[in-house]
Amino acid sequence: DTFLDSTGRKCEGCTINNGGCQQICITNILRGSFFCVCHAYFTLGSDHRTCNNVNSTAFLLFGDRRYLRRINPDGTNYKVLLSLGLLSSYFHAIDFDYTTRNVFYAVGLYSATLTSYIGSASFVNGMGHVTLRTMPAGAQIVSLHIDWVHRKVIYLDSGKNAIYRCEMDGTANTLVLSITTTVRSGGVPNGLALDPYDNKLYFGISGGTLPRILSAKLDGSGLAVYYTPAMTRAPVSLDIDFEANSLMWTDNTSINARNLATGVVTELQTKLSSPIGITTFEESLWYLTSNRIRRYRFKTRKDGTTISSGSFQRLRSLKVVH
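Residues numbered from 1 in each chain as written. Predicted model: local features only at pLDDT ≥ 70, side-chain atom pairs only at ≥ 80, totals over all residues. Heavy atoms only, no water.

1. Focus on the overall build of the protein
Going by this rule: Numbering of helices and strands starts at the N terminus; helices are DSSP runs of H or I of at least 4 residues and strands are runs of E of at least 2. To sort residues, take the accessible area from a 1.4 Å probe on protein chains only and compare it with the maximum for the residue type: under 20% means buried, over 50% means exposed, and anything in between is partly exposed. In this description, contact between two residues means that some pair of their heavy atoms is separated by no more than 4.5 Å.
When you go through the protein residue by residue, the secondary structure sums to one helix and 30 strands. When the 322 residues of the protein are sorted by exposure, 51% land in the buried category. Considering only contacts within the protein whose residues lie at least 6 apart along the sequence, 39% involve residues at least 24 apart.

Listed below in structure tokens is the structure:
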């Protein structure tokens, strides 16, 4: 992990004082250099070494059948950021980029005459909305994430049974992984989580004869079965809790976690009604039901705050930002 500098005499790299990086140092073997990156929820400072927390107050981004909205965890400061104006559409997936401070989202359109797309907009007021990539017919993006280390958008298309990546502006779309018939076993790919630190992605297979969670490197290589749940516990939504070093997922009735280091599986919540859209921050986990946002506290192992409104229409996606 060390490299000679331009003089060819002095060794520098991530093994020496973490490269001077406050949080994460990453080596670039092809260029013989290294660079600093920050944990999720931080941005790299102008010195390209220190990391700054983006927001002093956490808030939730969530999408449903027509609207992309934000709200504080206590239910205050509610705002509608974007309106689709189409009853046949959903904000299927959302993520937040701490560098541009924009929301990235995927819109699914349930109509033969319309196409789905990936877009971005300001998290403050929804201004600056742009369509980054219009998807081909038959595409259905069910999960989307920002790879903040390599500055890519990675998304799961269940309509095409594949995972793709593109640049932050939507260009250079590249196939990462084709999810074959054998891998699907009659099921549907559903749910995607990224661990850029460890160069890994995780996705679920729901339904079919063999529901499971699989893992691969970010370039699609090294595909392997990560976890196989019971037949009735097919994974739906996935997320990574970096503080707890755990992969979390929902199935039809519960929320589960598996420690990425030890492999120990913990059932966090049971007897739920189709929980989806999980996201974590500090000692809390938020998840969605059809028209409610619920908060689960790790310390007490109980539900806490519930946010609901008659205007919520089949909630589909959720992300905590802080």
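Next comes the rest of the account.
2. Examining the sheet that holds strand E7 (residues 59-63)
Cut-off, in case you're wondering: Strands are labelled as partners when DSSP assigns at least two bridges between them. The convention used is that axes are lines fitted to C-alpha atoms, helices contributing only their stretch in contact, and that angles between N-to-C directions extend from 0 to 180 degrees.
Strand order in this open sheet of four strands is E9-E8-E7-E30, and the pairing throughout is antiparallel. Only two strands of the sheet have a single neighbouring strand rather than two, namely strand E9 (79-83) and strand E30 (317-321). For this sheet the average axis-to-axis angle between neighbouring strands, irrespective of direction, equals 15 degrees. Note: E7 against E30, five bridges, orientation antiparallel. Paired with glycine 63 across the bridge in E30 is serine 317.

3. Quick look at the environment of glutamine 140
The residue glutamine 140 is located in the loop between strand E13 (130-134) and strand E14 (141-147) in this model. For glutamine 140, a relative accessible area of 14% gives the class buried. Taking the C-alpha atoms as reference, glutamine 140 lies 7.4 Å from lysine 160; in sequence the two are 20 residues apart.

4. Things to note about the environment of proline 211
Examined against the element boundaries, proline 211 turns out to sit in the loop between strand E19 (200-206) and strand E20 (212-217). Here the alpha-carbon distance between proline 211 and valine 188, two residues 23 residues apart in the chain, equals 8.9 Å. Setting aside its immediate chain neighbours within four residues, proline 211 contacts Ile205, Thr228, Pro229, Ala230, Met231, Ala234 and Pro235.

5. Comments concerning the environment of glutamine 313
Topologically, glutamine 313 is positioned in the loop between strand E29 (302-308) and E30. Taking the C-alpha atoms as reference points, glutamine 313 and tyrosine 67, 246 residues apart in sequence, are found 8.6 Å from one another.

6. Regarding the state of the cysteines
The cut-off we apply is this: Counting rule for disulfides: a pair of cysteine sulfur atoms within 2.5 Å.
Enumeration according to the criterion identifies two disulfides in this entry. At a sulfur-sulfur separation of 1.9 Å, the disulfide partner of cysteine 21 is cysteine 36. Taking the sign of the S-S torsion, about -75 degrees here, the bridge from cysteine 21 to cysteine 36 comes out left-handed. Taken together, the residues span a long stretch of sequence, with cysteine 21 in the loop between strand E2 (11-13) and strand E3 (24-28) and cysteine 36 in strand E4 (residues 33-37) at a distance of 15 residues. With respect to burial, cysteine 21 and cysteine 36 carry one shared label: buried. Here cysteine 38 engages in a disulfide with cysteine 51; their sulfurs sit 2.1 Å apart. Because the sign of the S-S torsion sets the handedness, a value of about -90 degrees for the bond joining cysteine 38 and cysteine 51 places this disulfide among the left-handed ones.

7. What about the nonpolar core?
Soluble globular proteins tend to bury their nonpolar side chains together. What counts here: Residue types Ala, Val, Leu, Ile, Met, Phe, Trp, Tyr and Cys, when buried and joined through side-chain atoms within 4.5 Å, form a set referred to as a nonpolar core.
By size, the foremost hydrophobic cluster in this structure holds 17 residues, and its most contacted members are Leu61, Leu68, Phe91, Phe96, Val103 and Tyr105. Of all elements in the fold, only E7, E9, strand E10 (89-97), strand E11 (102-109) and strand E12 (117-122) reach the threshold of two or more residues within this core. Among residues more than four places away in sequence, those in contact with phenylalanine 91 are Gly63, Asp64, Arg66, Tyr67, Leu68, Leu82, Leu84, Tyr105, Ala106, Val107, Arg316 and Ser317.

8. Quick look at the side chain of arginine 295
To be explicit about the condition: Under the rule applied, a polar contact is a pair of N or O atoms within 3.5 Å (in protein, one hydrogen donor and one hydrogen acceptor; residues adjacent in sequence only if both atoms are side-chain atoms).
Here arginine 295 lies in strand E28 (residues 292-297). The class of arginine 295 is buried, set by a relative accessible area of 15%. Among the polar contacts listed, one links the side chain of arginine 295 to the side chain of glutamate 283, at a separation of 3.5 Å. Looking at arginine 295, its side chain comes within polar contact range of the side chain of serine 284, at 2.8 Å.

9. Concerning the pattern of salt bridges
We count it as follows: The working definition used for a salt bridge is a side-chain nitrogen of Lys or Arg within 4 Å of a carboxyl oxygen of Asp or Glu.
On inspection of all chains with the given rule, the structure shows eight salt bridges. Ionic pairing is found between arginine 233 and glutamate 267, a salt bridge with its closest N-O pair at 2.5 Å. Here the residue arginine 233 occupies a position in the loop between strand E21 (224-227) and strand E22 (238-241), and glutamate 267 occupies one in strand E25 (residues 265-269), the gap between them amounting to 34 residues. When its relative accessible area of 22% is taken as the criterion, arginine 233 is described as partly exposed. Shared partners join several salt bridges into a network, and the residues in it are Arg233, Asp251 and Glu267.

From the geometry alone we can't say anything about function, so treat these as descriptive.
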